[in-house]
Amino acid sequence: MSTRRLAFSHHDKGSIVIEIGRMYTKVGLSGEPAPRHVIRSRVEMKPYGALQDVWDPKYLHREELYLILSRFLQNIYLKYLMVPSKDYRVLVVEPLLSPSHFRNTLARALFNHFSVPHVAFMPSPLLGTFSLGRQTALVVDIGWLETTVIPLYEGVPIMSAWQSTSCAAKTVHNTVMECLIETGAITDTHTQEQNPAVKELIQGSLEDIIVSTCAVRSMDCDRTPPEVSFPLSQQYTLCLPGPARDACAEGLFEEGEGDLSLPSAVLESLLKCPCDCRRDLSENVLVLGGIASLPGLNYRLKQELERLAGDKNERFSAKLGALQFKFHQPPAHPSTAAWLGGSIFGTSEVAVLERAVSKEKFREMNQRLPDWTSCDPEQHEQLRPVPTRKLLPAAPSSLYKSTTKTQSAH
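The shown structure was predicted, so the numbers you read here are calculated from the model rather than taken from an experiment.

**Comments concerning the overall build of the protein chain**
So, step 1. Along its length, the protein chain carries 17 helices and 17 strands.
So, step 2. By the burial criterion, 47% of the 410 residues in the protein chain qualify as buried.
So, step 3. Summarising the internal contacts of the protein chain: among those between residues at least 6 apart in sequence, 67% fall at separations of at least 24.
So, step 4. Split by element, the accessible area of the protein chain, about 21,100 Å² in all, is 51% carbon and sulfur.

**Topic: the pattern of salt bridges**
So, step 1. Enumeration over the complete set of coordinates arrives at twelve salt bridges.
So, step 2. For Arg103, the salt bridge identified is with Glu94, shortest N-O distance 3.0 Å. Per residue, the accessibility class of Arg103 equals that of Glu94, and both read buried.
So, step 3. For the salt bridge of Lys361 with Glu364, the shortest nitrogen-to-oxygen distance reads 3.9 Å. Here Glu364 and Lys361 lie together in helix 15 (residues 359-364), a separation of three residues that amounts to about one turn.
So, step 4. With a relative accessible area of 58%, Glu364 lands in the exposed category.
So, step 5. Via salt bridges that share partners, Arg217, Asp246, Glu250, Arg300, Glu304 and Arg307 belong to a single interconnected network.

**Overview of the packing of aromatic side chains**
So, step 1. With the rule as written, the count across this model stands at four aromatic pairs.
So, step 2. Geometrically, the ring pair formed by Phe130 and Phe345 is edge-to-face, given 5.5 Å between the ring centres and 80 degrees between the ring planes. Of this pair, Phe130 sits in helix 4 (residues 124-130) while Phe345 sits in helix 13 (residues 337-346); the two residues are 215 residues apart in sequence, bridging distant segments of the chain.
So, step 3. Classification of Phe130 by relative accessible area gives partly exposed; the value is 37%.
So, step 4. Judged by relative accessible area, which is 5%, Phe345 ranks as buried.
So, step 5. The positively charged end of Arg40 is found above the aromatic ring belonging to Tyr24, 5.2 Å away from the centroid.
So, step 6. The residue whose ring lies beneath Arg300 is Phe253, and the NZ or CZ to ring-centre distance is 4.5 Å.

**Regarding the sheet that holds strand 13 (residues 194-196)**
So, step 1. One open sheet accounts for four strands, arranged 13-12-15-14; its pairing is antiparallel. Single-partner strands in this sheet number two, and they are strand 13 and strand 14 (228-231). Taken over all neighbouring pairs, the strand axes of this sheet differ in orientation by 30 degrees on average, direction set aside.
So, step 2. Set on the sheet, helix 7 (residues 206-213) makes contact with strand 14 and strand 15 (236-240); between it and strand 14 the angle comes to about 140 degrees.

**As for the layout of surface pockets**
So, step 1. Estimates place the volume of the largest pocket at around 1,100 Å³.
So, step 2. Forming the boundary of the largest pocket are 42 residues, of which Ile142, Gly143, Trp144, Gly289 and Gly290 lie nearest the centre.
So, step 3. Only strand 1 (15-20), strand 2 (24-29), strand 6 (89-94), strand 8 (137-142), helix 5 (169-183) and helix 7 provide two or more residues apiece to the lining of the largest pocket.
So, step 4. The class makeup of the residues in the lining of the largest pocket is 22 nonpolar, 13 polar and seven charged.

**Quick look at the packing of helix 9 (residues 262-271) against helix 11 (residues 297-310)**
When two helices pack together, you describe them by how their axes are tilted relative to each other and by the distance separating the axes.
So, step 1. Two numbers describe how helix 9 lies on helix 11: the axes approach to 9 Å, and their chain directions differ by 60 degrees. One way to sum up the angle between helix 9 and helix 11 is to call them oblique. As for how helix 9 packs across helix 11, the hand of that crossing is right-handed. Contacts between helix 9 and helix 11 involve Leu262, Pro263, Ser264, Val266 and Leu267 from the former and Leu301, Glu304, Leu305, Leu308 and Ala309 from the latter.
So, step 2. Split by residue class, the contact of helix 9 with helix 11 holds eight nonpolar, one polar and one charged.

**Let's talk about the environment of Ser205**
So, step 1. Note that Ser205 resides in the loop between helix 6 (199-202) and helix 7.
So, step 2. Given a relative accessible area of 15%, Ser205 falls into the buried group.
So, step 3. With 26 residues separating them in the primary sequence, Ser205 and Pro231 have C-alpha atoms 9.3 Å apart.
So, step 4. Contacts of Ser205, omitting those with residues within four sequence positions, involve Phe230 and Leu232.

**A short note on unusual backbone geometry**
So, step 1. Even without glycine at this site, Met82 takes up a positive phi of about 55 degrees.
So, step 2. Within the fold, Met82 resides in the loop between helix 2 (64-81) and strand 6.
So, step 3. Of the residues examined, Met82 reaches a relative accessible area of 63% and is grouped as exposed.
So, step 4. Not every positive phi belongs to a glycine, and Gln367 is a case in point at roughly 55 degrees.
So, step 5. Locating Gln367 in the fold gives a position in the loop between helix 15 and helix 16 (377-381).
So, step 6. Gln367 gets classed as partly exposed once you look at its relative accessible area, which sits at 29%.

**So, the nonpolar core**
So, step 1. Ile202, Leu238 and Leu252 are the most contacted members of the largest nonpolar core, which has 52 residues in total.
So, step 2. For this core, the elements supplying multiple residues, two or more each, are strand 8, helix 5, helix 7, strand 15, helix 9, strand 16 (285-288) and helix 11.
So, step 3. A total of six residues in this core trace back to one element, the largest contributor, which is helix 9.
So, step 4. In this structure, Ile202 is in contact with Met177, Leu180, Ile186, Ala197, Ile209 and Leu238, ignoring residues within four places of it in sequence.

Calculation notes
Residues numbered from 1 in each chain as written. Predicted model: local features only at pLDDT ≥ 70, side-chain atom pairs only at ≥ 80, totals over all residues. Heavy atoms only, no water. Helix = DSSP H or I, 4+ residues; strand = E, 2+ residues; numbered from the N terminus. Buried < 20%, exposed > 50% of the residue type's maximum accessible area, 1.4 Å probe, protein only. Contact = heavy atoms within 4.5 Å. Areas by Shrake-Rupley, 256 points an atom, 1.4 Å probe, with all protein chains shown as cover. Salt bridge = Lys/Arg side-chain N within 4 Å of Asp/Glu carboxyl O. Phe/Tyr/Trp six-rings, centres within 6.5 Å; stacked < 30°, edge-to-face > 60°. Lys NZ or Arg CZ within 6 Å of the ring centre and 35° of its normal. Pairing = 2+ DSSP bridges. Axes fitted to C-alpha atoms, helices over the stretch in contact; angles between N-to-C directions. 1 Å grid on protein atoms, 1.4 Å probe; cavity = no way out; pocket = protein on both sides within 12 Å on 5 of 7 lines; lining within 4 Å. Points joined across faces, edges and corners; volume = space filled by probe spheres on them. Nonpolar A, V, L, I, M, F, W, Y, C, P; charged D, E, K, R; others polar. Parallel < 35°, antiparallel > 145°, perpendicular 65-115°, else oblique. Left-handed = near helix turned anticlockwise from the far one by under 90°. Core = buried A, V, L, I, M, F, W, Y, C linked by side-chain atoms within 4.5 Å.

What follows is the structure, encoded as structure tokens:
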């Protein structure tokens, strides 16, 4: 065993797993089945406003991002986890193409402000498949602003087949809000008066409305769900019509101006993969994200994929028409499946050590992390552990005693 690993083992207590999403941040310790806390990705910053979004594009490429991330991490350590930062390495579950300035600033805040021993960055699609125990999958990550499709074959992302579309969770929220304003009604429980839906009263509860009452309509269903009531507060109740409940995800399957729909993005990604990988990928589709928990989403996506791939008028039928599409059900909620993979991965001390960066190494690299999507071998050479001589185990003391007696006898 190398001396570097011995030194790491004596002072290591595990990993803190952090996934900073556009809307929510998930934090917890490695080896746990679920995050300890799921919080909004915002922090109170008096110089910049009451609540400052961590991913605010105004500060995403500016030096003020260091102050925002430092305050945000301070709340995580002191308010939620309540653990000493110096005793735990950090595993960051990052988006597929996270901005370089954001990840460098996050690493700088962890090393300089909190003195963590090691920091490792891992892409969320890879960790999502890690929670399944598989190395080959077609990962569809439905985020807040965009949906990314990335094929993983034997644990290696095929970056040339990466696809992105703006059909994401925000599309679903906007669709439901438009339907509620047009057809919804709010009832005053005190006066029993019914008025048209108001955006200001619905905005704060829109996410709960979608999760509790909405579903994805299949292509072979011609029935409309019944109208339901959703309590907004003690005074107001929202009446949701049936068409608004099952039409929430229709925007995901419609082509936009210069933008792909969700099934088209999946097929475009498969089309760019090598032909001998397509069958394995199409039979291992994994959908991640909070919207992935909507009932019927996977079934509707499968129907749309089969329709586009089997339609002779579409350009996908010639090469993808014979494929079958099968979906995996993650072992956790789809929004926390990538974090769960990071929790499992963080328990392996050797695996994290091979991919982690120490504070000294970070300073040697001028506080710039190498890009894992880069093909430059010099960048990845900087992260490779320095080989050291293995320590041979000490011989038993009885062996020395017997050797001494033999020499004295001669």
